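Architecture at a glance
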Amino acid sequence: EADIYQTPRYLVIGTGKKITLECSQTMGHDKMYWYQQDPGMELHLIHYSYGVNSTEKGDLSSESTVSRIRTEHFPLTLESARPSHTSQYLCASTEQGFTGELFFGEGSRLTVL
Amino acid sequence: AQSVTQLGSHVSVSEGALVLLRCNYSSSVPPYLFWYVQYPNQGLQLLLKYTTGATLVKGINGFEAEFKKSETSFHLTKPSAHMSDAAEYFCAVSDRGSSNTGKLIFGQGTTLQVKP
């Protein structure tokens, strides 16, 4: 069973608010990822990290930012939320020697009104 | 650039019937291939993967998939569907050049409905 946790699971907020989606894993994985998932659409990689103080933008442009100060923690922040940010955000991690198995959290479903 | 196409966004089968979910990929070299499953309100879970060796791979819950290089396909099958198989299924690829990065390209997903 994967030990990767996301909070909040559901969030409904108004336009212009700052939000942070939390992601933590207890497996000691160096590589962590944020994917954005819209209904009926593929997952799009928006951010990834190969370790502490390493962050990179993914294939899909996103106005969000991430940080990696500790191995186990990879939060995603939106400074000013807009309705276009409404989506599900999935966090994942994997071990250093990539075997193909990403471990996913249960997701954070964000609704911006 | 790599891409993944899942044919059919929605597949409906009767309980006990064969499950066939189609996946085709586009890649200049044979990639690593994966199937993930997502149950309602949960994250994704790895079903099976192909990296090297035998082209028919077996996964969890009775699923299997066959890598066919000539057809650039990696279709997922299960001989007999159970009600508990109802979920969203995602095919994904990772090219061998980026295999150490963990970056996957996902298809758009196929929703499997199982009718009693």
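Just above, that's the structure.
Residues numbered from 1 in each chain as written. Chains lettered and ligands numbered in written order. Predicted model: local features only at pLDDT ≥ 70, side-chain atom pairs only at ≥ 80, totals over all residues. Heavy atoms only, no water.

1. What to know about the state of the cysteines
Residues and elements named next belong to chain A. Keep this limit in mind: Disulfides are defined in this document as cysteine sulfur pairs within 2.5 Å. For helices the rule is a DSSP run of H or I covering at least 4 residues; for strands it is a run of E covering at least 2, with both sets numbered from the N terminus onward. Summary of the burial criterion: residues with accessible area below 20% of their type's maximum are buried, those above 50% are exposed, and those between are partly exposed, where the area comes from a 1.4 Å probe applied to protein chains only.
Evaluation of the coordinates by the stated rule reveals two disulfides over all chains. Note on cysteine connectivity: C23 is disulfide-linked to C91, with sulfurs 1.9 Å apart. An S-S torsion of about -75° defines the bridge between C23 and C91 as left-handed. Of this pair, C23 sits in strand β3 (residues 19-25) while C91 sits in strand β9 (residues 87-94), placing them 68 residues apart in sequence. An identical accessibility class is assigned to C23 and C91; each is buried.

2. Points about the sheet that holds strand β1 (residues 3-7) of chain B
Through backbone hydrogen bonds, the strands of a sheet pair up, either in parallel or in antiparallel fashion. Residue and element names in this part refer to chain B. What counts, and what does not: For two strands to count as paired, DSSP must find a minimum of two bridges between them. Where helices are involved, their axes are fitted lines through C-alpha atoms of the stretch in contact, as for all axes, and angles between N-to-C directions lie from 0 to 180°.
In spatial order, the strands read β1-β3-β8-β7-β6; together these five strands make up an open sheet with antiparallel pairing. On the outer flanks of this sheet lie β1 and β6 (56-58), each paired with one strand and no other. Strand-to-strand twist of the sheet, defined as the mean angle between neighbouring strand axes without regard to direction, takes the value 20°. Both β6 and strand β7 (residues 64-68) contribute to a ladder of three bridges, which runs antiparallel. Bridge pairing links K58 to E64 in β7.

3. Some thoughts on the packing of aromatic side chains
Using the following cut-off: A pair of aromatic rings is counted whenever rings of Phe, Tyr or Trp (Trp by its six-membered ring) have centres within 6.5 Å, and the orientation is called stacked for planes under 30 degrees apart, edge-to-face for over 60 and tilted otherwise. By the criterion adopted, a ring carries a charge over it if an Arg CZ or a Lys NZ lies within 6 Å of its centre and within 35 degrees of its normal.
The tally for this structure, following the rule as stated, stands at 10 aromatic pairs over all chains. Ring centres of A:Y35 and A:F104 lie 6.0 Å apart, and the angle between their planes is 45°; on these two criteria the pair is classed as tilted. Placement of A:Y35 in strand β4 (residues 31-37) and of A:F104 in strand β10 (residues 103-104) is noted, with a sequence separation of 69 residues between them. Assessed through its relative accessible area of 0%, A:Y35 is described here as buried. Residue A:F104 is classed as buried on the basis of its relative accessible area of 6%. Aromatic rings pair up to connect A:Y35, A:F104, B:Y36, B:F90 and B:F106 into one cluster. In this arrangement the basic side chain of A:R68 is found over the ring face of A:F74, its NZ or CZ atom lying 5.8 Å from the centre.

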